[in-house]
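Reading the structure
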Amino acid sequence: QATVVGSSNYTIARATTFDNKQHIVLLGPDFNVTLNNNEDSEPLPLFSGVQTFEILVIDKNQDLASLGSRQSSYTILITKDLALDSLTLRVHGAPSITERDLVPSFSRDVVGYKLEIPTSGTSVALVVTAPEDLMITVEGIPTLSGVETRYFPMRMGRTDIKITVTASDSSQKSYVVTVMRKKPTSANGEMVTSSTLKQLNITGGVLVPSFDPNVFHYTMDVADSITSVVFSAEVVADDMRCEVRRG
């Protein structure tokens, strides 16, 4: 059994027999190669996942098609690692955030990453590349190597993005990017929850005290001539909305 790690696409076989009247037949997933004693094969293609190679030692005058019981048969399992070649990302609302901000930096063998984005970063798109024999999904959605995914919305706090590569033998490897979207803070540095307002304005008077996301009770005096007021508000989280009700 052998394991191939990295981007090796081919392997070369060499075998030696004890009898020069014999030769070697190498059987692969979709080919067979006849070798003379102590002779290197041509480069043989490798695919991601597990592949089985069989080596037979037969008489030189023996026909492989008529071979009955396979004596002196050797089996080699070669496992080629499943891995992404690269991972880049784009953050809507925070263009300065890139894959350079991943912790740790991207490596084929590292499957878990963390990315911090500001409150303004509302969604994230990925561009991943992998060997052509691998199928890629991002959050369960089939994705082409080197093609940007759709933008995935980021909630306040933690959102996990799962990337899975699948080989032809159905073996899989998954990567996870944990995105931490910072929660907004008020002017005094206190954390603001996602169900609070970012801004609040009311026509016809002055709020007392001045608006603060963490202050929930206000008063406002208006002149006798004011017959209506208009509310305008901005919510902190994109997935929230606000309603104005008369008490």
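Residues numbered from 1 in each chain as written. Predicted model: local features only at pLDDT ≥ 70, side-chain atom pairs only at ≥ 80, totals over all residues. Heavy atoms only, no water.

1. Concerning the overall build of the protein chain
Of regular secondary structure, the protein chain possesses zero helices and 19 strands. Classification of the 247 residues of the protein chain by burial places 34% in the buried group. Of the contacts made within the protein chain by residues no fewer than 6 positions apart, 60% connect residues no fewer than 24 positions apart. Carbon and sulfur atoms form 51% of the exposed surface of the protein chain, whose accessible area is close to 15,200 Å². (Helix = DSSP H or I, 4+ residues; strand = E, 2+ residues; numbered from the N terminus. Buried < 20%, exposed > 50% of the residue type's maximum accessible area, 1.4 Å probe, protein only. Contact = heavy atoms within 4.5 Å. Areas by Shrake-Rupley, 256 points an atom, 1.4 Å probe, with all protein chains shown as cover.)

2. Focus: the nonpolar core
Among the nonpolar cores identified, the biggest contains 28 residues, and Leu115, Leu126, Ile161, Ile163 and Val177 are the most heavily contacted of them. For this core, the elements supplying multiple residues, two or more each, are β10 (86–92), β11 (112–117), β12 (123–129), β13 (135–138), β16 (157–166) and β17 (172–181). (Core = buried A, V, L, I, M, F, W, Y, C linked by side-chain atoms within 4.5 Å.)

3. Side note on the packing of aromatic side chains
Throughout the structure, instances matching the rule amount to two aromatic pairs. Here Phe106 and Tyr113 contribute two aromatic rings whose centre-to-centre distance is 5.9 Å and whose plane-to-plane angle is 25°, an arrangement assigned as stacked. (Phe/Tyr/Trp six-rings, centres within 6.5 Å; stacked < 30°, edge-to-face > 60°.)

4. What to know about the environment of Ala167
Its place among the elements puts Ala167 in the loop between β16 and β17. Taking the C-alpha atoms as reference, Ala167 lies 6.7 Å from Asp133; in sequence the two are 34 residues apart. Beyond its immediate stretch of four places on either side in the chain, Ala167 contacts Ser48, Gly49, Leu82 and Leu134.

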